[in-house]
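# Structural characterization, general
Here's the letter readout for the chains.
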Amino acid sequence: MESSQLNKDIVEKYRCRVEEFFRRTAAMGIRNLENYYWYHTVDLGEGLITPGTYDYRDKLSVFPFPEEMRGMNVLDVGSASGFFSFEFERRGAAVTSVEIPALSGLDCFPGETLGQTINKLKKMMPSHSAFSREQQDKLFCLEGAEKLYNYFIDGPFKFCQRMLKSKVDRHYCTVYDICPERLGRTYDLVFLGDILLHTIHPLKALASAASVCDGTLILSQALPDAPDNLPMMVYMGGEVQGEDDLSWWWPNLSCHISLLKKLGFRQVSMVGKNSGYLQSAGDYFERAIIQAIR
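Nothing here was measured: the structure is a model prediction, and the numbers come from that model.

Counted as a void, the second largest pocket has a volume near 210 Å³. Among the elements that line the lining of the second largest pocket, the one with the most residues is helix α2 (residues 83–90), at 5 residues. Class assignment for the residues of the lining of the second largest pocket results in 5 nonpolar, 1 polar and 5 charged.

Structure below.
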C-alpha cells in the first residue's frame, strides 16, 4: 500500500475512534471532554478507548518491561495520558507518575516566552484531532495557560485514572527536580518515554532521573542521523525563536551509553526500537529503546 493511502487509512480509523469515544461517553452521561488532547490510546474497559495520538497497546513487547512487576516500585517520568503508568500498575507494580505542574514547567529556549511555547503546542497539534482546527484556534485564543494545562496534560490522565480506579501516585515537578528527597523514595525501574528530546539540559534531566533509580532505567529516544563512533549531541532547534518542536538536543547512542555509564550504570545498550504511526496524522515515528542497569 502506498504511503499516502496508508496515512489516510490511519487517520480515518482515528476519526472513527474519536466518534466512537464520544458516542460511548455521551451514553455514559460523561460530558466536557471535547477539549481534551489524548496523547495515549488507553483502554478503559467495557469498550471505552481513548483516541490517543500514540497507540502502544500492541508494541509493549518491544520494551524490556518485566511481565510480572508485583513488588516493584516504578517511576514513570512525563506520563502524559498515563498509558505506561496504568500498564505498570496492571502488571502489579506500585507506580509513581511525575508530570510538570504547569505549562510554564515545559522547557523553552533562553529568551522565549510562555506564549511562544503555547503557540508551538498549537502548531504541533495534528489537524485530525478530537476537534476541528477552527475549534483549536478558538481554544488557544480564549483559554488561559491553566485551562490548557488541564486539557493537554492533567485532565486526560485524571479521567483515565478515575475510570480505571487506579492508585497510581501522581507527583508534580519538572524532570530536573526529581530526587529521592522530593519523591520520598528510590525505584526499581525508572521509565522516560520521549522525555529527553524535549529538554534543554538533557544531561541534567538524565542525572535527576538516575538519582532515584536503584535498578533499571529505560528510555525511549529519537536518535539523530549522525555518526555513532563518537559521543555527541546534535542540535535540532533551528535558528529562529519560537520555531521548533520543543526539541533541541538529540544525543546519539554513544553519548547515551557514555553518560549513563558515568552516572553509575554498569550495563547500557539499545535493546530495540519502538516504531509506528501517529494515529491522528498518519506520520511515521521511530524511537530507540535504551536500557541501563545498575
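Picking up where we left off.
Tracing the backbone shows R266 in the loop between α8 (253–262) and β8 (267–277). Accessibility expressed as a relative area gives 57% for R266, which makes it exposed. Sequence separation between R266 and D214 is 52 residues; the distance between their C-alpha atoms is 12 Å. Those residues in contact with R266 that sit more than four places away from it in its chain are K261, I293 and R294. A polar side-chain atom of R266 sits 2.7 Å from the main-chain carbonyl oxygen of R294.

It is worth spelling out the packing of aromatic side chains at this point. The final tally for this structure, using the stated rule, is 26 aromatic pairs. A centroid spacing of 5.3 Å and a plane angle of 70° characterise the contact between F21 and W38, whose relative ring orientation is edge-to-face. Of the two residues, F21 sits in helix α1 (residues 3–27) while W38 sits in the loop between α1 and β1 (73–77), which places them 17 residues apart along the sequence. W38 carries the same exposure label as F21, and that label is buried.

Our focus in this paragraph is the side chain of Q221. The residue Q221 is located in strand β5 (residues 213–221) in this model. Judged by its relative accessible area of 0%, Q221 falls in the buried class. Sequence-distant contacts of Q221, defined by excluding residues within four places in its chain, comprise D194, L196, L197, W249, W250, P251, H256, R287 and A288.

This next bit is on the pairing of β1. Taken across its 5 residues, β1 has 5 buried, putting it largely inside the fold. Residues N73, L75 and V77 point to one face of β1 and V74 and D76 to the other, with burial holding for every one of them. With 5 bridges connecting them, β1 and strand β2 (residues 94–99) associate as parallel partners. In the sheet register, V77 faces β2, and the bridge partner there is V98. By the bridge criterion, 4 bridges tie β1 to strand β4 (residues 187–193) in an arrangement that is parallel. The residue of β4 that forms the bridge with V74 is L189.

What follows covers the sheet that holds β4. Reading across the sheet, the 7 strands line up as β3-β2-β1-β4-β5-β9-β8 and stay open at both edges, with mixed pairing between neighbours. Bordering the open sheet on either side are β3 (169–172) and β8, each of which pairs with just one other strand. For this sheet, the mean angle separating the axes of adjacent strands, direction not counted, is 20°. By the bridge criterion, 6 bridges tie β5 to strand β9 (residues 284–293) in an arrangement that is antiparallel. Bridge pairing links Q221 to A288 in β9. Across the sheet, helix α5 (residues 145–164) is in contact with β2 and β3; its angle to β3 comes to roughly 160°.

Reading the values: rules and limits
- Residues numbered from 1 in each chain as written.
- Predicted model: local features only at pLDDT ≥ 70, side-chain atom pairs only at ≥ 80, totals over all residues.
- Heavy atoms only, no water.
- 1 Å grid on protein atoms, 1.4 Å probe; cavity = no way out; pocket = protein on both sides within 12 Å on 5 of 7 lines; lining within 4 Å.
- Points joined across faces, edges and corners; volume = space filled by probe spheres on them.
- Helix = DSSP H or I, 4+ residues; strand = E, 2+ residues; numbered from the N terminus.
- Nonpolar A, V, L, I, M, F, W, Y, C, P; charged D, E, K, R; others polar.
- Buried < 20%, exposed > 50% of the residue type's maximum accessible area, 1.4 Å probe, protein only.
- Contact = heavy atoms within 4.5 Å.
- Polar contact = N/O pair within 3.5 Å; in protein donor to acceptor, adjacent residues only side chain to side chain.
- Phe/Tyr/Trp six-rings, centres within 6.5 Å; stacked < 30°, edge-to-face > 60°.
- Pairing = 2+ DSSP bridges.
- Axes fitted to C-alpha atoms, helices over the stretch in contact; angles between N-to-C directions.

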